[in-house]
Amino acid sequence: MSAGALPLADLTRFGFLTLPNYSLIAVSAAIEACRMANYVAGTEIYSWQVLTLDGAPARASGGLTLTPTTALDKAAPLDILFVCGGIDIRRAIDRTTREALRRLARRKVSLGSLCTGSFALAEAGLLDGYRCAIHWENLGAIREEFQGVDFVDDLFVIDRDRFTCTGGSAPIDMMGAFIEARLGRNVAERMSEQFVMDRLRGGAEPQHAPLRSKGLRHPALEQAGALMAKTIGAPLTVAAVSARVGLSPRQLERLFRQHTGMGPAEFSMALRLDHARELLRQSDLAVTAVGVASGFVSSAHFSAAYRRRFGHAPRAERVATRAHAPIRPVPSVPLAESLS
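Below you will find a few notes about this structure. (Residues numbered from 1 in each chain as written. Predicted model: local features only at pLDDT ≥ 70, side-chain atom pairs only at ≥ 80, totals over all residues. Heavy atoms only, no water.)

Comments concerning unusual backbone geometry
Note: most residues except glycine have negative phi, and most peptide bonds are trans.
Alright, step 1. The step from T67 to P68 runs through a cis peptide bond, and the omega angle for that step is 0 degrees.
Alright, step 2. Structurally, the position occupied by P68 is in the loop between β2 (47-52) and β3 (69-71).
Alright, step 3. Positive phi outside glycine occurs at C115, with the angle close to 60 degrees.
Alright, step 4. On the secondary structure map, C115 appears in the loop between β5 (110-114) and α3 (117-123).
Alright, step 5. Owing to a relative accessible area of 8%, C115 belongs among the buried residues under this scheme.
Alright, step 6. The residue R160 is not glycine, and still its phi comes out positive at about 55 degrees.
Alright, step 7. Its location among the elements puts R160 in the loop between β8 (156-159) and β9 (162-165). (Helix = DSSP H or I, 4+ residues; strand = E, 2+ residues; numbered from the N terminus. Buried < 20%, exposed > 50% of the residue type's maximum accessible area, 1.4 Å probe, protein only.)

Have a look at this one:
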């Protein structure tokens, strides 16, 4: 917990503002953690409300709704309002939503988020100067877009009066911190045991290990891959990466090919292009800016590399994402194609 944070033990009344296409598992995980804590403690400590701006239940990404749902302006007193996001978060936020969140902030209501809900708070200007968490799939894009906010890869972050959490089962871990602060570690652990969890994770634990899913299970490869991921905007040479991890370029090449089927330069390029696709899909950055943020100094080089990897130009990715349409592969075009 950051210095100046609110005492977790005093926070027991939670509101969940469900935005269109919110993550049902994230909201359910948080609510169920509170319910189970009440059950284990044998008393009604925690209360919760599912909210929308107008009181009509919002449809989750899986098409389901939660009832009862209450209008935000008719909610009972809250200690924290969690903004609950999911897929297509940009379309879920409008001026009315941003203004409602700003009014709550002016009233000194503590604010939090689940899954991609941090994007709504950032859009409303309510995360400037804070450390925050968001679902790993959105990290790259939101870091580029909101550079005054410190988005981290943690499971959840408690920074003063902001309580941000990633998706999936992570809200159980975050609510476990509240429960432990008020009812003790034993109750928090008994709560998690009821959900067949082997342990409660700490907020500072990383939410995602994408490099392992790409085959980097050797310690030196993990270190090299992490270094490449941190320097996407200004890629290091293979020789520089090798020196930083204590291997020769030949050793690094051999390990990469053994574990991933590609050399370190190819792997680095794949990371950069995957990052570019994430930015094209989830940010409003201009296509040329996406190329620069992904380590390409030439628009033509970015376009050609992107086409080789994904079968279409970066601009086609952006257009299809906004239209919610599939992308049809297009034939090669001159490398000087404009990216604007």
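Quick notes on the sheet that holds strand β1 (residues 13-18)
Alright, step 1. Read across the open sheet, the seven strands follow the order β3-β2-β1-β4-β5-β9-β8; overall the sheet is mixed. Every other strand in the sheet has two partners, leaving β3 and β8 as the edge strands with one partner each. Pairs of neighbouring strands in the sheet enclose a mean axial angle of 25 degrees, with direction left out of account.
Alright, step 2. Two strands pair when backbone bridges link them, and β1 and β2 are joined in this way by five bridges, in the parallel orientation. If you follow L17 over to β2, its bridge partner there is L51.
Alright, step 3. Along the sheet face, helix α5 (residues 170-183) touches β1, β4 (80-84), β5, β8 and β9 and points at about 150 degrees away from the line of β9. (Pairing = 2+ DSSP bridges. Axes fitted to C-alpha atoms, helices over the stretch in contact; angles between N-to-C directions. Contact = heavy atoms within 4.5 Å.)

Comments concerning the pattern of salt bridges
Two side chains with opposite charge may pair up if their charged atoms get near one another.
Alright, step 1. By the definition in use, this model includes 19 salt bridges.
Alright, step 2. Between R90 and D284 there is a salt bridge, and its shortest N-O distance comes to 3.1 Å. You can see R90 sitting in the loop between β4 and α2 (95-106) and its partner D284 sitting in the loop between α11 (264-282) and α12 (287-293), a full 194 residues away along the chain.
Alright, step 3. For D284, a relative accessible area of 47% puts it in the partly exposed group. (Salt bridge = Lys/Arg side-chain N within 4 Å of Asp/Glu carboxyl O.)

What about the packing of helix α10 (residues 249-260) against α11?
Alright, step 1. Packing of α10 against α11 leaves a shortest axis separation of 8 Å and a crossing angle of 60 degrees. As far as their axial angle goes, α11 and α10 are oblique. Facing α10, whose interface residues are L252, E253, F256, R257 and T260, α11 presents P264, E266 and F267.
Alright, step 2. Its residues placed into classes, the contact of α10 with α11 shows four nonpolar, one polar and three charged. (Parallel < 35°, antiparallel > 145°, perpendicular 65-115°, else oblique. Nonpolar A, V, L, I, M, F, W, Y, C, P; charged D, E, K, R; others polar.)

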